[in-house]
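# Survey of secondary and tertiary structure
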Amino acid sequence: MNRLILSGILMAVLSPATLPAQTTFTNTLLPQPAHLTASSGRLPWTTSITIAIPHHRSARLEAALDRTLDQIQEQTGIAKPTITTGEATLTLDVDGPGQPVQSLDEDESYTLTVTPTSATLHAVTTIGAIRALTTLQQLIQSDGHTQFLPAVQIEDSPRFRWRGLMIDVGRHFEPVDVIKRNLDAMAAVKLNVFHWHLTEDQGFRIQSKLYPMLTGRGSDKLFYTQAQAREIIAYARARGIRVVPEFDIPGHTRSWFVGYPELASAHGPYTIRREFGIDDAAMDPTRESTYQFLDKFLGEMATLFPDPYMHVGGDESNGQQWKRNPRIRAFMRAHQLSDTAALQTYFSQRVLKILQKHHKHMVGWDEILNPQLPPDAVIQSWRGQDSLFEAAKEGHQAILSQPYYLDGMKSAETHYLSDPIPAASGLTPEQAKLILGGEACMWGEHVNSLSIDSRIWPRTAAIAERLWSPQSVTDVDDMYRRLDIESVRLEALGLTHISHAGTALRDLAGSPSIEALYVFAGVLEPVSFGERYDQQHTTQLTPLNNLVDAVRPDPPSRHRFAILVLQFLQLPSNPGPRTALAETFRSWLAAVPTVEAQMNTSPRLAEARPRAEQLAALANTGLEALNYISSGSKPPADWKQTKLAQIEAAEKPQSIVRFPFLPALTDLVKAVPDK
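So, a few notes on the structure that sits alongside this text. Remember, it's a predicted structure, so these values are computed and weren't measured experimentally.

Parameters at a glance
Residues numbered from 1 in each chain as written. Predicted model: local features only at pLDDT ≥ 70, side-chain atom pairs only at ≥ 80, totals over all residues. Heavy atoms only, no water. Helix = DSSP H or I, 4+ residues; strand = E, 2+ residues; numbered from the N terminus. Rg over C-alpha atoms; globule rule 2.2 N^0.38 Å. Buried < 20%, exposed > 50% of the residue type's maximum accessible area, 1.4 Å probe, protein only. Contact = heavy atoms within 4.5 Å. Areas by Shrake-Rupley, 256 points an atom, 1.4 Å probe, with all protein chains shown as cover. Lys, Arg positive; Asp, Glu negative; His and termini not counted. Charge placed at Lys NZ, Arg CZ, Asp CG, Glu CD. Expected span 1.5 Å × (residues − 1). Polar contact = N/O pair within 3.5 Å; in protein donor to acceptor, adjacent residues only side chain to side chain. 1 Å grid on protein atoms, 1.4 Å probe; cavity = no way out; pocket = protein on both sides within 12 Å on 5 of 7 lines; lining within 4 Å. Points joined across faces, edges and corners; volume = space filled by probe spheres on them. Nonpolar A, V, L, I, M, F, W, Y, C, P; charged D, E, K, R; others polar. Salt bridge = Lys/Arg side-chain N within 4 Å of Asp/Glu carboxyl O. Core = buried A, V, L, I, M, F, W, Y, C linked by side-chain atoms within 4.5 Å. Phe/Tyr/Trp six-rings, centres within 6.5 Å; stacked < 30°, edge-to-face > 60°. Lys NZ or Arg CZ within 6 Å of the ring centre and 35° of its normal. Arc of directions from axis to C-beta. Pairing = 2+ DSSP bridges.

### What to know about the overall build of the protein
- For the protein, the helix and strand inventory stands at 27 helices and 20 strands.
- Taken over the C-alpha trace, the protein has a radius of gyration of 27 Å; the compact-globule value for 675 residues is 26 Å, and the two agree within 12%.
- Principal-axis analysis of the C-alpha atoms gives the protein an extent of 80 × 75 × 50 Å.
- Across the 675 residues of the protein, 58% fall into the buried class.
- The contacts in the protein between residues at least 6 apart in sequence include a share of 76% that link residues at least 24 apart.
- Summed over all atoms, the accessible surface of the protein reaches about 25900 Å², with 54% contributed by carbon and sulfur.
- Both charge centroids of the protein, one from 63 positive and one from 73 negative side chains, sit 2 Å from each other.

### Points about helix α4 (residues 176-188)
- Given a rise of 1.5 Å per residue, 13 residues ought to cover 18 Å, and the 19 Å separating the end C-alpha atoms of α4 matches this to within 8%.
- Burial within α4 is extensive, with 12 of its 13 residues counted as buried.
- For α4, every residue scored as buried is listed here: Val176, Val178, Ile179, Lys180, Arg181, Asn182, Leu183, Asp184, Ala185, Met186, Ala187 and Ala188.
- Of the surrounding secondary structure, the elements contacted by the buried residues of α4 are α3 (126-139), β9 (162-168), β10 (193-197), α6 (226-238), α15 (452-456) and α17 (476-492).
- One or two positions beyond α4, positive phi appears at lysine 190, with a value near 70°.

### Some details on the side chain of glutamine 380
- Position of glutamine 380 among the secondary structure elements: in strand β16 (residues 378-381).
- With a relative accessible area of 0%, glutamine 380 lands in the buried category.
- Separated by 2.9 Å, the side chains of glutamine 380 and histidine 311 make a polar contact.
- Excluding its chain neighbours within four sequence positions, the residues that come into contact with glutamine 380 are His195, His311, Val363, Gly364, Trp365, Asp366, Ile399, Ser401, Glu439 and Cys441.

### So, empty space enclosed by the protein
- The tally for this structure, following the rule as stated, stands at 2 cavities of 30 Å³ or more.
- Within the lining of the largest cavity, the residues separate by chemical class into 8 nonpolar, 2 polar and 4 charged.
- Estimates place the volume of the second largest cavity at around 40 Å³.
- Looking at which element gives the most residues to the lining of the second largest cavity, the answer is helix α11 (residues 340-357), with 4 residues.
- Of the residues that constitute the lining of the second largest cavity, the class distribution is 7 nonpolar, 3 polar and no charged.

### Focus on the pattern of salt bridges
- What the rule picks out here adds up to 38 salt bridges.
- Taking the shortest distance from any N to any O, the salt bridge between arginine 42 and aspartate 143 comes out at 2.8 Å. Remark: aspartate 143 occurs in the loop between β7 (141-142) and β8 (147-156) and arginine 42 occurs in strand β1 (residues 35-44); sequence separation between them is 101 residues.
- The closest approach of N and O atoms between aspartate 279 and arginine 273, which form a salt bridge, is 3.2 Å. The burial state of aspartate 279 is the same as that of arginine 273; both residues are buried.
- By sharing partners, the salt bridges in this structure join Asp168, Arg171, Glu200 and Glu445 into a single network.

### Here we look at the nonpolar core
- Core analysis: the largest hydrophobic core is formed by 105 residues, its most contacted members being Trp196, Trp256, Phe305 and Trp457.
- Those residues in contact with tryptophan 196, other than ones at most four positions away along the chain, are Ile167, Val169, Ile179, Tyr224, Ala229, Ile232, Val243, Val244, Pro245, Glu246 and Phe305.
- The next biggest cluster of nonpolar side chains, apart from the first, holds 53 residues, and it includes Ile514, Phe520, Ala616 and Leu623.

### Remarks on the side chain of aspartate 93
- Take aspartate 93: it is sitting in strand β4 (residues 90-94).
- Among the polar contacts made by the side chain of aspartate 93, one reaches the side chain of histidine 55 at a distance of 2.5 Å.
- Once residues lying within four places of it in the same chain are set aside, the contact partners of aspartate 93 are Pro54, His55, Leu121, His122 and Ala123.

### Re the packing of aromatic side chains
- Inspection of the entire model under this criterion finds 27 aromatic pairs.
- With a centroid separation of 6.2 Å and 80° between ring planes, the pair formed by tryptophan 196 and phenylalanine 305 is classed as edge-to-face. Taken together, the positions of tryptophan 196 in strand β10 and phenylalanine 305 in the loop between α8 (288-304) and β14 (309-311) put the pair 109 residues apart, joining distant regions of the chain. For the pair tryptophan 196 and phenylalanine 305, one class covers both residues: buried.
- Look at phenylalanine 561 and phenylalanine 585: their rings are 5.8 Å apart centre to centre, the planes differ by 75°, and that puts the pair in the edge-to-face class. Taken together, the residues span a long stretch of sequence, with phenylalanine 561 in helix α22 (residues 556-570) and phenylalanine 585 in helix α23 (residues 575-599) at a distance of 24 residues. The pair phenylalanine 561 / phenylalanine 585 is uniform in exposure class, with both members buried.
- Connected via pairs of aromatic rings, a cluster forms that spans Phe173, Phe194, Trp196, Phe204, Tyr224, Phe247, Trp256, Phe297 and Phe305.
- Sitting above the plane of the phenylalanine 148 ring, arginine 42 keeps its charged end 3.9 Å from the centroid.

### Quick look at the environment of threonine 47
- With respect to the helices and strands, the residue threonine 47 is situated in the loop between β1 and β2 (50-52).
- Expressed as a C-alpha distance, the spacing of threonine 47 and threonine 117, which sit 70 residues apart in the sequence, is 14 Å.
- With residues up to four places along the chain from it excluded, the contact list for threonine 47 reads Ile78 and Ala79.

### As for helix α26 (residues 639-651)
- The terminal C-alpha atoms of α26 lie 19 Å apart, and with 13 residues this matches the ideal 18 Å at 1.5 Å per residue to within 8%.
- For α26, the set of buried residues is Trp639, Lys640, Lys643, Ile647 and Ala650. Along α26, the residues classed as buried sweep out an arc of 90° about the axis, all on the same side.
- In the core, the buried residues of α26 are packed alongside α25 (609-631) and α27 (662-670).

### Describing unusual backbone geometry
- For the peptide bond that leads from isoleucine 249 to proline 250, omega is 5°, which places it in the cis range.
- Tracing the backbone through its elements, the reader meets proline 250 in the loop between β13 (242-246) and α7 (254-259).
- Following glycine 268, the chain continues to proline 269 via a peptide bond in cis, the omega torsion being 5°.
- You can see proline 269 is positioned in the loop between α7 and α8.
- The backbone of glutamate 316 shows a phi angle near 55°, a positive value even though the residue is not glycine.
- Inspection of the secondary structure assignment puts glutamate 316 in the loop between β14 and α9 (320-324).
- Accessibility expressed as a relative area gives 25% for glutamate 316, which makes it partly exposed.
- Even without being a glycine, methionine 409 presents a positive backbone phi close to 55°.
- With respect to the element layout, methionine 409 can be found in the loop between β17 (398-400) and α13 (412-416).

### Comments concerning the pairing of strand β5 (residues 110-114)
- Residue alternation in β5 divides its side chains into a buried set, Tyr110, Leu112 and Val114, and an unburied set, Thr111 and Thr113.
- Where β5 meets strand β6 (residues 119-123), 5 bridges bridge the pair, whose relative direction is antiparallel. Bridging from a neighbouring strand, leucine 112 pairs with leucine 121 of β6.
- The turn joining β5 and β6, which pair antiparallel and follow one another in sequence, is formed by 4 residues.
- As defined by bridge partners, β5 adjoins β8 across 5 bridges and the pair is classed as antiparallel. Bridge pairing links threonine 113 to glutamine 153 in β8.

Structure (structure tokens):
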């Protein structure tokens, strides 16, 4: 039902009424190309389309073409075109295969030219062709009668070379099919690095044949076999995505110690940690046996993962076990290591040499940054842009993640306007070149296989545009317009970020009748990771089946409501926004009694009863504000103060969900005339 509704929205956006008289182009591309010129005319997409591949051909290229044509057939209902060796409507002109192992410097550029009679796609490499095919699919539009490609000229290449998504499978394991569908989504928005966070205190998720007790005792039997890892690596490569594994050391390593306690800095026994947060357990950096173990393990992983980069974490190691161990303290004195930070740098230097031996570049979180760290190490910044810029100034390549933490439940707008190299970075041109790009990070404390898509998408598509498109592309309203359309396209690939809400709400209500509940849930979003952890005291064993797990961060209603309020306040006499706002508030009011009745029979749902009561009161406030502004009449003396206090109370943490529309409602209330 939800997909049908959103498909209707998509068709409405692309209807003839929205198209200028002389051009057939409505831009729904995401990310935006580097250079795009639209012309009049269109190339009809019909069964008469033919395709030629005159130069480089390979199984990888042909598979990418076949996937694209399958998706277009699903999208249009038109049978797949014929591949021909002669003259063709669509020419796929590729110079060569690209690199045997995709690297940071792989050429992803392409050009795409569409005229009323033909289309030509040119790329230097197969990966460039894959990016072009993604754009080709996004270009297909309908006027309600025919499907067509608008006449355009596109010259495109990414702004940043490292455009990633990190998925943490250590805290909550994610099955292979979840990883694959997210790789499909990454390819759809031209992301090119899958950062696979494979080890945590809560679980060791990758099979080691040299050290079988890593998963034998440290995984709850939830891990990827090496065959499955190879399957995922091949799946990603087919889509132009590198796989960078992370094995977090020396901290976040309790799951290692369950099977191999001799690696730890304190005596065991150890068990898998169910709680979240920073743990004292850490590898012993003073024993040669630790490095011998890591040499063999990382060497095994180096043969499994072909990418030139390997992530070794390095974050949140608090040094408490080191401080309490007399032997480790003596080692620090003997080696003139002044504190535990210096000891961690010693550890990082040793690990770096191991990785170099296995022909890998080391990536680590910004805690590893130290003047003694060789510049070959890549720094991933999660604590702020200052560490990103510091890394570049010290000669390190660096990746930004701090503003792209998806578990912070921030809006797509917030992510979108966070640039890896802002104008005030203070970096020289040479230093700026060391900023490789950025990564969205999906930490796993509060997600499972059912909810994870809704936490990653569609917000990550906005981050993908920030990392691909020119820095000047910053129109938030247009981004949201295109994001709504891309969200539908992503769901069609097999993601569940839209449909999950309906499934979860039916489960909560114990009923197929969720129309009112859907309205209620549509104006809520989850609180951030920290707020949920504080309110709910979550662990790995906490059930993820409450209302907070059903609602989406930055729901579409938030931005649409904010736009309506802005339009109404700019011209209160305009009946369109006023009517739409009034209908919105009345729909909230109408939904609440039904939702409260469902809460009477659902204890899990009943936890959010205070939010239902607040929504009714806020809806009445909105209606009153509309009437006062429209009529120009003055409210009672304490009305505005009372209503702003009501909104302030609704902003406070409660039921681990929050109302994202409150800033816009505040603007509406403040606009009510005082005199």
